[in-house]
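One-letter residues, chain by chain:
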Amino acid sequence: MGQSDVFLTTHLGECFRPQAQLLYGLGEALTAGANWSTQRGFQQNNNRVCCLPEVVLTVTCPLPETVTKRARATRRSLLDVPYGAGEGEKLDIYLPEAVSEAMPFLVFFHGGYWQSGSKDTSAFMVNPLTAQGVAVVMVAYDIAPKGTLDQMVDQVTQSIVFVQKQYPGNQGIYLCGHSAGAHLAAMMLLADWTKHGVTPNLKGFFLLSGVYDLEPIMHTSENAPLLPTLEDAQRNSPLWHLETAPTQPGHPACRILVTVGQHDSPEFHRQSREFYQTLCHGGWKASFEELHDMDHFEILWNLTQEDYMLTQIILKTIFQES
């Protein structure tokens, strides 16, 4: 294994190599990112171990499958609901106890470097949010190599249109994504809803440790199944197009939260801050949060906890509390 190969393993023995490569830097930043993570690992938490040239990072995390099984066992749910004609175009809807036409919806897009991950292992925030009356939707999309970035963006668009048409009296649709999923959610800021015959009632975006400029990924070894050309990267980089977006989305009070973990890699920090600044320059209602003592994965995993800072921010935003 070469110096640029980074493996992320959990105590389950699962490997998330593509996302780990992005986590420890994009392109030329890769080695610096890995060295940075070594300091984080040895100085703060013995569960994180990182070394070069052969890098193995061990992370203790909640079992994603267990979290989803618990959500399905304790909450009313509609599973594998088709939002399109494709085999992979399915979503899960988790409902609060009191179901009404005026429910707010949080629609979540999983991460995984656009090449891994699943709606079936992503239900971290279901219990805390449904307990407060929020319906939570987990969206599946065709990951690479089966799906292209253009197809993923189109599928995410279709899923939002589906939710709006199925629940036209919703109290608001809030998009949330982690890592690659935050990129897909951010692309919805550029969507042309007129061609879909419906304008979704978008009231908020929660973007967790996202990627908004895809050009640096052109320089990683994992690029081949994902971005064949520079044009693909540029076309699917919301940071490149945000300033020329024709309209701002949905509701005039729509809020956008850009978050990054304190222990995210320098490249995630750079992209998150630049995206936030671009939003502000464009007049969007944006805010930025660097979550203390969180890394790239903890920022998501901790959404199982009702008293977690990000869970509280999401709930206060949905219910418009100051």
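The written sequence of each chain sets the order in which its residues are numbered from 1. Only residues with pLDDT of at least 70 are given local features in this predicted model, and only at 80 or more are side-chain atom pairs given and counted; all residues enter the totals for whole chains, interfaces and linings. Computation of side-chain values covers all heavy atoms of the structure but excludes hydrogens and water.

**Q** For this particular structure, what's the right way to read unusual backbone geometry?
**A** Comment: phi is negative for the bulk of residues other than glycine, and the bulk of peptide bonds are trans. Going from Ala144 to Pro145, the amide bond is cis rather than trans, its omega being 5°. Helix and strand assignments come from DSSP, with helices taken as H or I runs of at least 4 residues and strands as E runs of at least 2, each series counted from the N terminus. By the secondary structure assignment, Pro145 is in the loop between β6 (135-139) and α5 (149-166). Of note in the backbone geometry, Asp80 takes a positive phi value of approximately 55° without being a glycine. Mapped onto the fold, Asp80 is located in strand β3 (residues 76-82). Even without being a glycine, Ser179 presents a positive backbone phi close to 60°.

**Q** What's the story with the sheet that holds strand β10 (residues 285-291) in this structure? I'm lost.
**A** Paired through backbone hydrogen bonds, the strands of a sheet run either parallel or antiparallel to each other. Two strands pair if DSSP finds at least two bridges between them. Spatial strand order, β3-β4-β6-β5-β7-β8-β9-β10: 8 strands in an open sheet with mixed pairing. Only two strands of the sheet have a single neighbouring strand rather than two, namely β3 and β10. Taking the axes of each pair of neighbouring strands and ignoring which way they run, one obtains an average angle of 15° across the sheet. When β3 meets strand β4 (residues 90-95), the two strands line up antiparallel, connected through 5 bridges. From the neighbouring strand, Pro82 faces β4, where its bridge partner is Lys90. Any two residues whose heavy atoms approach within 4.5 Å at even a single point are treated as in contact. Axis lines are fitted through C-alpha atoms, for helices just across the contact stretch, and the angle between N-to-C directions can take any value from 0 to 180 degrees. Packed onto the sheet, helix α6 (residues 180-187) meets β5 (104-109), β7 (172-178) and β8 (202-208) and runs at close to 145° relative to β7. Running at roughly 160° to strand β9 (residues 255-261), helix α9 (residues 266-281) makes contact with β8, β9 and β10 of the sheet.

**Q** I keep staring at the nonpolar core and nothing clicks. Help me out?
**A** Soluble, globular proteins show a tendency: their nonpolar side chains are buried together. To define a nonpolar core, start from buried Ala, Val, Leu, Ile, Met, Phe, Trp, Tyr and Cys residues and group those joined through side-chain atoms within 4.5 Å. Buried residues are those whose accessible area, probed at 1.4 Å on protein chains only, stays under 20% of the maximum for their type, while exposed residues exceed 50% and partly exposed ones sit between those limits. Grouped together as the largest cluster of nonpolar side chains are 59 residues, with contacts concentrated most on Trp114, Leu175, Leu207 and Phe275. Once residues lying within four places of it in the same chain are set aside, the contact partners of Leu175 are Val107, Phe109, Ile160, Ala185, Met188, Leu202, Gly204, Phe205 and Phe206. Core analysis: the second largest hydrophobic core is formed by 31 residues, Leu129, Met138, Leu310 and Ile318 among them.

**Q** Just checking my understanding: could you explain the side chain of Lys119 for this structure?
**A** Relative to the helices and strands, Lys119 is located in the loop between β5 and α4 (126-130). Taking relative accessible area as the criterion, Lys119 reaches 4% and is therefore assigned buried. Under the rule applied, a polar contact is a pair of N or O atoms within 3.5 Å (in protein, one hydrogen donor and one hydrogen acceptor; residues adjacent in sequence only if both atoms are side-chain atoms). Polar contacts involving the side chain of Lys119 include one to the side chain of Asp92, which spans 2.9 Å. Polar side-chain contacts of Lys119 include one of 3.0 Å to the side chain of Asp120.

**Q** What am I meant to see in the packing of aromatic side chains here?
**A** How two aromatic rings sit relative to each other is set out by the distance from centre to centre and by the angle between their planes. Aromatic contacts are taken between Phe, Tyr and Trp rings whose centres are within 6.5 Å, Trp giving its six-membered ring; a plane angle under 30 degrees counts as stacked, one over 60 as edge-to-face, and the others as tilted. Per the stated rule, a full pass over the model turns up 6 aromatic pairs. Arranged with centres 5.7 Å apart and planes meeting at 40°, the rings of Tyr276 and Phe288 form a pair that is tilted. With a gap of 12 residues between them, Tyr276 in helix α9 and Phe288 in strand β10 connect regions that are remote in the sequence. On the basis of relative accessible area, Tyr276 is assigned to the partly exposed category, the value being 25%. Between Phe297 and Trp301, the aromatic rings sit 5.7 Å apart at their centres with planes inclined by 25°, giving stacked as the arrangement. According to the relative accessible area criterion, Phe297 is buried, its value standing at 8%.

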